[in-house]
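Here is how the chains run, residue by residue.
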Amino acid sequence: MWQEHYAQRTQRMTNSAVRELLKFTEQPDCISFAGGLPAPEAFPIESVAQATQKVLCDKGIAALQYGPTEGYYPLREWIASYVSESGSTITPENVLITTGSQQGLDLTGKIFLNPGDTVLVESPTYLAALQAWMAYEADFIDIPTDCDGMQTQYLSTLLEANPKFIYCQPNFQNPQGVTLSLSRREELIELSIRKSIPLVEDDPYGALRFEGEHLPRLLTLSHRAQSSYGQYAGNSISLGTFSKLLMPGFRLGWIVAPMEVINRLVQAKQSVDLHTPMLNQIVVHELVSNGILEWQIPRITQLYRERRDTMLMSLAEHFSPDIRWTEPHGGLFIWVTLPIGMDASLLLQNAVREHVAFVPGAPFHIMGGENTLRLNFSNASIPMIRDGIARLGQAISHLSQPVS
Ligand SMILES: Cc1ncc(COP(=O)(O)O)c(C=O)c1O
């Protein structure tokens, strides 16, 4: 009976391939490279317990009461200074606290997208961004990528489609792990400003750099390009999150945008959840203002660097030379390209029999990508990575052998 009652937009809503897989990977003997889960041993449990105790004692009423939709002001101040770089001083009024950066993606769709509007996305891209904007009945055009991220030489032609915005993950992109080079960042900013197209920058992984130089945010480049230097009024909207730096369970993210966009986002957020939980905001403010990231970020980058290295070495040992993979300089993911004609979702069925899981690459694409897959290296221990990649190598060799 329900079928006839659903709104038309629900026809474009799908289950996330990753979240569906996560159910399977809860089996105890499964080695999972599927989810984008941080290492559980990196969670600062003791610090969170102490900070929560302190917040409840000192600021209990504010932490348990309703709060402003924009977010807890001292946390907005902290984020404004965290995202400010040379040539770009962001003010707290440009910051909206969100319930995870996933909410930022949804709110962005809510305020910008009419049915049939076009969004330009990297190919492949974060599948839950597609999922969020599909619900607003958007259409997508993909921009080819290589090891330096989005191939900006195609942009001027693609911008003729008059997209509502361009979605870009500049650092250690999910799913490929690649990073947009400085010259391409500059070209993207220059072209999008010239054509007055907003940019949505999604950067959950930028701080998790294992090697090489930090590159400026698109937000910063957009601010620097502003003709009159002052409060941020550029064309980039920048999403960030504490999920990968501290813990995803707090569901704490942010959006930085020009004030007029923040005002619209606040209206959109009010009807969703009124505001992000105050207790979580005040506890995280307590943690970050006491410098937790100064030891937490080096700790997790060291852990993830070792895990990435182990995965890269294991791939070289167990995968045949006709298989290619990315070598990310940070983040959580390696992207694997199988020989054309080999189907990663069939491979997953074999892999499941070997008790190992990954995410097939097709859902990260608008079209195609059947011979690709994403591997997460942050969540499994080093022995599990070695064992899991050996099992995956076995699963691939079974798939390549003709059935007799
Ligand atoms: C690119 C990207 N954007 C957004 C998110 C959502 O993160 P959260 O809602 O936990 O802040 C993720 C999570 O994995 C992601 O990879």
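Description of the structure in this document. From a predicted model like this one, the values you see are computed outputs, not experimental measurements.

### Looking at the sheet that holds strand E10 (residues 324-325)
Link 1 in the chain: Across the sheet, which stays open at both edges, the four strands sit in the order E10-E11-E14-E13 with antiparallel pairing between neighbours. Strand pairing shows two members of the sheet lacking a second neighbour, E10 and strand E13 (359-360), which therefore form its edges.
Link 2 in the chain: With five bridges connecting them, strand E11 (residues 333-337) and strand E14 (residues 372-376) associate as antiparallel partners. Bridge assignment links threonine 337 to a residue of E14, and that residue is threonine 372.
Link 3 in the chain: Docked against the sheet, helix H11 (residues 292-318) engages E10, E11 and E14, running at close to 15 degrees with respect to E11.

### Quick notes on the site of the ligand
Link 1 in the chain: Around the ligand, a shell composed of 14 residues is seen, among which Asp202, Tyr205, Thr241, Ser243 and Arg251 lie nearest.
Link 2 in the chain: Within the side chain of tyrosine 205, a nitrogen or oxygen atom sits 2.5 Å from an oxygen atom of the ligand.
Link 3 in the chain: Contact distances for the ligand include 2.6 Å between an oxygen atom and a side-chain N or O atom of threonine 241.
Link 4 in the chain: If the ligand stood free it would expose 400 Å²; the protein chains cover 92% of that surface.

### A look at the packing of helix H4 (residues 101-112) against helix H5 (residues 127-134)
Link 1 in the chain: Direction vectors running N to C along H4 and H5 enclose 35 degrees, while the axes themselves pass 9 Å from each other. You can see that H4 and H5 cross each other, and the crossing is right-handed. Residues Gln102, Leu105, Asp106, Thr108 and Gly109 of H4 form the contact with H5, whose participating residues are Ala128, Ala129, Ala132 and Trp133.
Link 2 in the chain: Considering only residue class, the contact of H4 with H5 consists of five nonpolar, three polar and one charged.

### Comments concerning the packing of aromatic side chains
Link 1 in the chain: Evaluation of the coordinates by the stated rule reveals 11 aromatic pairs.
Link 2 in the chain: Taking 4.9 Å as the distance between ring centres and 15 degrees as the angle between the ring planes, the aromatic pair formed by tryptophan 78 and tyrosine 82 counts as stacked. Placement of the pair is tryptophan 78 and tyrosine 82 together in helix H3 (residues 73-83), with a separation of four residues, close to one helical turn.
Link 3 in the chain: Consider the rings of tryptophan 133 and tyrosine 167, whose centres lie 5.0 Å apart with planes at 85 degrees: the pair is edge-to-face. Taken as a pair, tryptophan 133 in helix H5 and tyrosine 167 in strand E6 (residues 165-168) lie far apart in primary sequence, 34 residues in all.
Link 4 in the chain: What makes tryptophan 133 buried here is its relative accessible area of 0%.

### Observations regarding H4
Link 1 in the chain: Between its first and last C-alpha atoms H4 spans 17 Å; for 12 residues at 1.5 Å apiece the expected length is 16 Å, and the two agree.
Link 2 in the chain: Within the span of H4, buried status applies to Ser101, Gln103, Gly104, Leu105, Leu107, Thr108 and Gly109.

### Points about the environment of leucine 199
Link 1 in the chain: If you trace the backbone, leucine 199 turns up in strand E7 (residues 199-202).
Link 2 in the chain: A relative accessible area of 0% places leucine 199 in the buried class.
Link 3 in the chain: Note: C-alpha distance between leucine 199 and asparagine 162 (37 residues apart in sequence) is 13 Å.
Link 4 in the chain: Leave out the neighbours within four places in its chain, and leucine 199 touches Ile166, Leu188, Ile189, Ser192, Leu218, Asn235, Ser236 and Ile237.

### Concerning the pairing of strand E4 (residues 139-146)
Link 1 in the chain: Strand direction decides the pairing type here: strand E3 (residues 118-123) and E4, joined by six bridges, are parallel. Looking across to E4, one finds that threonine 118 is bridged to aspartate 139.
Link 2 in the chain: Considered for its hand, the β-α-β crossover made up of E3, H5 and E4 is right-handed.
Link 3 in the chain: Both E4 and strand E5 (residues 149-150) contribute to a ladder of two bridges, which runs antiparallel. Note that in E5 the partner of aspartate 146 across the bridge is glycine 149.

### Side note on the pattern of salt bridges
Link 1 in the chain: On inspection of all chains with the given rule, the structure shows 12 salt bridges.
Link 2 in the chain: A salt bridge links lysine 269 to aspartate 273; its shortest N-O distance comes to 3.1 Å. Here lysine 269 pairs with aspartate 273, and both are found in helix H9 (residues 259-273), just four residues apart, close to one helical turn.
Link 3 in the chain: Taken together, the shared-partner salt bridges in this structure form one network comprising Lys54, Asp58 and Glu286.

### Structural notes on helix H10 (residues 278-289)
Link 1 in the chain: For H10, which comprises 12 residues, the first-to-last C-alpha distance of 16 Å matches the rise-based estimate of 16 Å (1.5 Å per residue) to within 8%.
Link 2 in the chain: Taking burial as the measure, the 12 residues of H10 include 10 buried ones, the bulk of the element.
Link 3 in the chain: If you check which residues of H10 are buried, you get Met278, Asn280, Gln281, Ile282, Val283, Val284, His285, Glu286, Leu287 and Val288.
Link 4 in the chain: Tucked inside the fold, the buried residues of H10 contact helix H2 (45-64), H3, strand E2 (95-98) and H11.
Link 5 in the chain: At the exit of H10 stands glycine 291, carrying a positive phi of roughly 85 degrees.

### Observations regarding the packing of helix H7 (residues 182-194) against helix H8 (residues 218-225)
Link 1 in the chain: Viewed as axis vectors pointing N to C, H7 and H8 meet at an angle of 50 degrees, and their least axial separation amounts to 10 Å. As summarised for this structure, H7 and H8 are arranged oblique, according to the angle between their axes. Here H7 and H8 pass one another in a crossing that is right-handed. The segment H7 lies against H8, with Arg185, Glu186, Leu188, Ile189 and Ile193 engaging Leu218, Leu221, Ser222 and Ala225.

### So, the environment of isoleucine 255
Link 1 in the chain: Turning to its location among the elements, isoleucine 255 is positioned in strand E9 (residues 253-256).
Link 2 in the chain: Judged by relative accessible area, isoleucine 255 falls into the buried class, the value being 0%.
Link 3 in the chain: Linking isoleucine 255 and glycine 240, residues 15 residues apart in sequence, is a C-alpha distance of 6.4 Å.
Link 4 in the chain: Apart from residues no more than four positions distant in its own chain, isoleucine 255 is found in contact with Asn94, Val95, Leu96, Thr98, Gly104, Ile237, Ser238, Leu239, Ile262 and Leu265.

Conventions we followed
- Residues numbered from 1 in each chain as written.
- Predicted model: local features only at pLDDT ≥ 70, side-chain atom pairs only at ≥ 80, totals over all residues.
- Heavy atoms only, no water.
- Pairing = 2+ DSSP bridges.
- Helix = DSSP H or I, 4+ residues; strand = E, 2+ residues; numbered from the N terminus.
- Contact = heavy atoms within 4.5 Å.
- Axes fitted to C-alpha atoms, helices over the stretch in contact; angles between N-to-C directions.
- Near = heavy atom within 4 Å.
- Polar contact = N/O pair within 3.5 Å; in protein donor to acceptor, adjacent residues only side chain to side chain.
- Areas by Shrake-Rupley, 256 points an atom, 1.4 Å probe, with all protein chains shown as cover.
- Left-handed = near helix turned anticlockwise from the far one by under 90°.
- Nonpolar A, V, L, I, M, F, W, Y, C, P; charged D, E, K, R; others polar.
- Phe/Tyr/Trp six-rings, centres within 6.5 Å; stacked < 30°, edge-to-face > 60°.
- Buried < 20%, exposed > 50% of the residue type's maximum accessible area, 1.4 Å probe, protein only.
- Expected span 1.5 Å × (residues − 1).
- Right-handed = clockwise from strand over helix to strand, strands pointing away.
- Salt bridge = Lys/Arg side-chain N within 4 Å of Asp/Glu carboxyl O.
- Parallel < 35°, antiparallel > 145°, perpendicular 65-115°, else oblique.

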